[in-house]
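Results of the structural survey
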Amino acid sequence: SAPVLEEDKKQRYSRSVVTMDELLVLDDYLTSNLGNFAEWLSRKAKTIRWGIYQMKKRHLAYRKHVFNPFGSYSLIRHMQSDWLMWQLFLEKPVGQDQLAYIESIKSKLPQDHDFFDAAEGLRKLQATYMMATNDVAKGLLDGVQYNSSLASIDCLAMAKHLLNEWWLPEAEGWILAGIEAHDRAGYQTEMQGLRGPLKAELYRTQGKVQKDQENHKGALQAYQTALQHSPHDSEIFMEYRNLERRVLTLSGIEPEEEEEEVDDIQFLPACCSGRCEVVRQLRRLYCVYNHVTAPFLRLSPIKTEILSIEPFVVILHDMVSKKEGALIRSSSKMHLFPSAIASVDAPKDEYQVASSRTSKSVWFPNDFNNATLKISERLEEATGLDMFHTEYFQIMNYGLGGYFETHIDTLLSNETRFNGTRDRIATTLFYLNDVPQGGGTHFPKLNLTVFPKAGSVLFWYNLDFKGNDVMNTLHTGCPVIVGSKWVISKWISDMGQELKRPCIESISNVKYLNSAEKLLI
Ligand SMILES: O=C(O)CCC(=O)C(=O)O
Ligand SMILES: [Fe+2]
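Residues numbered from 1 in each chain as written. Chains lettered and ligands numbered in written order. Predicted model: local features only at pLDDT ≥ 70, side-chain atom pairs only at ≥ 80, totals over all residues.

1. A few points about the overall build of the protein chain
We count it as follows: Each helix is a run of DSSP H or I of at least 4 residues and each strand a run of E of at least 2, with the numbering of both proceeding from the N terminus. Here exposure depends only on C-beta density: within 10 Å of a residue's C-beta, 20 or more other C-beta atoms make it buried, 12 or fewer make it exposed, and intermediate numbers make it partly exposed, the C-beta atoms being placed from the backbone. In this description, a residue-residue contact is defined by the distance between C-beta atoms placed from the backbone, which must lie within 7 Å.
Helix and strand content of the protein chain: 13 helices and 17 strands. Counting over 521 residues, the protein chain shows a buried share of 32%. Nonlocal contacts in the protein chain, meaning residues at least 24 apart in sequence, comprise 73% of its contacts between residues at least 6 apart.

Structure representation (structure tokens):
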């Protein structure tokens, strides 16, 4: 297999939900570990308290007998050695095992890049479904209220991430949500002891955001509020003084023209929610039983829903049984790896984790196990295409806000087409589970959003009847809002399908095909 860049060997917890169980177990261990630490500390404190009691008793005896030789001898002996013994005892470290445990587990904990992935997932999720920050913070996701919410520390971390990535208005939204969450939760003394006052930190971040937005008045105000909450914080104070100085020297200078902002939402289209779907231009209702692309289908036809004719897009129902889906999911879990993207220009031997698709995946050949054998057989029957000329099954799991930015699946350009290199004539997407919210496959040019349904398959042609690629097959794997999305993709090659789907002049000649477009007759 391809060599992996050092950077990409990491676990990447946010890219799939399969590792969340591991995290929960780890979190549980770490909590008990903290409990053990507290237990050893209490034992030490108990010994000390017992010691104090003994020492006091002895002290009274010395007072009584200090001029008697036994008394003075004993006092000198006691003071010469006992207090040093106590010093040794106090110095003896407590909870070394527990500290060592934390050290040993450090590398397994989510790292900076995991938090980065998670925060970006949340940002893109919010942008795609146009969710208000306060709604998200209070557990209202795209119209569905969940019984959970984000704490102010979560909001603050999100704001800091957005500030770093220069999403300033978004960062401001999260600070306000953080202040609200803080006021909702009331006074949190315990956590404050650990981290310092949260509210000061929220206003300080607000100050930075305002400063970067050239709103100096707002920035000064935010810093003043931060100092009210934490008057003795020298760092905040220094930042405030620097800002004051900057504002003085800047006054009179016109602010620079704003640069045009590049928006990345276009890669995740606005209609992932499926709410802007228009009535499709189909002249009749196309729900048919396919019994024509394979002899066996006469006994067991495949329920086929035609969504678009050019390009030809269909949903094939009941293609994967519950058992097959479960087997494929369970056998892939151990092998999933952060997804990469195929590119003709990328160095062949390099694997790089993609930012345009956040999922984990693994490739299985057709004969990997009974389930893959069975579904490739069924796909051959349902599509009328030859499964010998296909790529492997790619099993994918999307994690928090997991998405696949808008793209086409073909590999070749018009210049490189028809010179002996294969391309992907069709794409098949097997949905292995229902996704409670989000995670649709969206075609922006066709105004079509297909939501995952366990066992169904989305199938479309990327190439037209003459073998050229069709740009309106552009599609997006929309961010998962809630749940986990398991899909298998399988790309079918053009080379090898010449007899199944020969070139035809136009759609009126579909009768000459042996593939599923025959259903259009
Ligand atoms: O997950 C999806 O809905 C889309 C996947 C996809 O576009 C692909 O695998 O090429
Ligand atoms: Fe795709």
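2. Quick word on the site of ligand 1
This is how it is decided: Near residues are defined by distance alone, with the backbone-placed C-beta atom required to lie within 6 Å of the molecule or strand. We call Asp, Glu, Lys and Arg charged. Ala, Val, Leu, Ile, Met, Phe, Trp, Tyr, Cys and Pro are nonpolar, and the rest, Gly among them, are polar.
In the vicinity of ligand 1, the residues found are Phe404, Asp409, Leu429, Thr441, His475, Gly477, Val487 and Ser489. For the shell around ligand 1, the secondary structure elements donating two or more residues are β15 (475–477) and β17 (485–493). Of the residues belonging to the shell around ligand 1, the class tally is 3 nonpolar, 4 polar and 1 charged.

3. What to know about the sheet that holds strand β3 (residues 287–290)
Note the threshold: Note: two strands are recorded as paired if DSSP finds a minimum of 2 bridges between them. Lines fitted to the C-alpha atoms define the axes, with helices restricted to the stretch that makes contact. Angles between their N-to-C directions range from 0 to 180 degrees.
Pairing in this open sheet of 9 strands is antiparallel, and the strands run β3-β4-β5-β14-β10-β17-β8-β7-β6 from one edge to the other. A strand with exactly one partner marks an edge of an open sheet, and here the two such strands are β3 and β6 (337–338). Bridge count between strand β7 (residues 359–364) and strand β8 (residues 393–398): 6 bridges; the pairing is antiparallel. Pairing of Phe364 across the sheet is with Phe393, part of β8. Across the sheet, helix α13 (residues 370–383) lies against β3, β4 (302–308), β5 (313–316), β7, β8, β10 (424–431), β14 (457–461) and β17, angled at about 125 degrees from β10, the strand it touches most.

4. Section: the environment of Ala137
Here Ala137 is to be found in helix α5 (residues 133–137). On a C-alpha basis, the gap between Ala137 and Leu150 in space is 5.0 Å, while along the polypeptide they are 13 residues apart. Residues in contact with Ala137, not counting those within four places in the same chain, are Ser149, Leu150, Cys155, Ala177 and Ala181.

5. Details of the UniProt feature "repeat: TPR" (unreviewed entry) in the protein chain
Threshold: UniProt positions are given in the numbering used here, feature names are shortened, and annotations may be inferred rather than shown by experiment.
The feature "repeat: TPR" (unreviewed entry), as annotated in UniProt, sits at residues 200–233 in this numbering. As annotated, residues 200–233 comprises 79% helix and 0% strand, and the C-alpha atoms at either end are separated by 9 Å.

6. Description of the nonpolar core
Formally: In plain words, the nonpolar core is the set of buried Ala, Val, Leu, Ile, Met, Phe, Trp, Tyr and Cys residues that C-beta atoms within 7 Å link up. Residue ranges labeled as domains rest on an automatic or database domain assignment.
Among the nonpolar cores identified, the biggest contains 80 residues, and Cys155, Ala159 and Phe430 are the most heavily contacted of them. Considering each element in turn, this core owes the most residues, 6 residues, to helix α6 (residues 152–164). Two domains each donate at least three residues to this core, and these are domain 2 (112–250) and domain 3 (270–520). Filtering out sequence-adjacent residues up to four positions away, Phe430 remains in contact with Met319, Val320, Ile375, Val457, Val487 and Ile488.

7. Observations concerning the sheet that holds strand β12 (residues 441–443)
If you trace the 4 strands from one edge of the open sheet to the other, you get β9-β15-β12-β13, paired in antiparallel fashion. One side of each edge strand has no neighbouring strand; the edge strands of this open sheet are β9 (404–407) and β13 (448–450). Taken over all neighbouring pairs, the strand axes of this sheet differ in orientation by 10 degrees on average, direction set aside.

8. Focus: the domain arrangement of the protein chain
Looking at the protein chain, the domain boundaries give domain 1 (14–108), domain 2 (112–250) and domain 3 (270–520). Averaged C-alpha coordinates put domain 1 and domain 3 at centres separated by 63 Å. At the interface, 5 residues of domain 1 touch 11 residues of domain 3. Tallied by class, residues from the side of domain 1 that touches domain 3 come to 2 nonpolar, 2 polar and 1 charged.

9. A few points about the packing of helix α7 (residues 168–185) against helix α9 (residues 198–212)
Put simply, the test is: Convention used here: angles under 35 degrees read as roughly parallel, angles over 145 as roughly antiparallel, angles from 65 to 115 as roughly perpendicular, and any remaining angle as oblique. What makes a crossing left-handed is the near helix being turned counterclockwise from the far one by less than a right angle; a clockwise turn instead makes it right-handed.
At their nearest, the axes of α7 and α9 sit 10 Å apart, and the two run at 160 degrees to each other. The angle between α7 and α9 falls in the class roughly antiparallel. The two elements α7 and α9 cross, and the hand of that crossing is left-handed. Contacts between α7 and α9 involve Leu168, Ala171, Glu172, Ile175, Gly178, Ile179 and His182 from the former and Leu198, Lys199, Leu202, Thr205, Gln206, Val209 and Asp212 from the latter. Grouping the amino acids of the contact of α7 with α9 by side-chain chemistry returns 7 nonpolar, 4 polar and 3 charged.

10. Points about the environment of Ser330
Structurally, Ser330 can be placed in helix α12 (residues 322–333). Spatially, the C-alpha atom of Ser330 lies 23 Å from that of Thr441, the residues being 111 residues apart in sequence.

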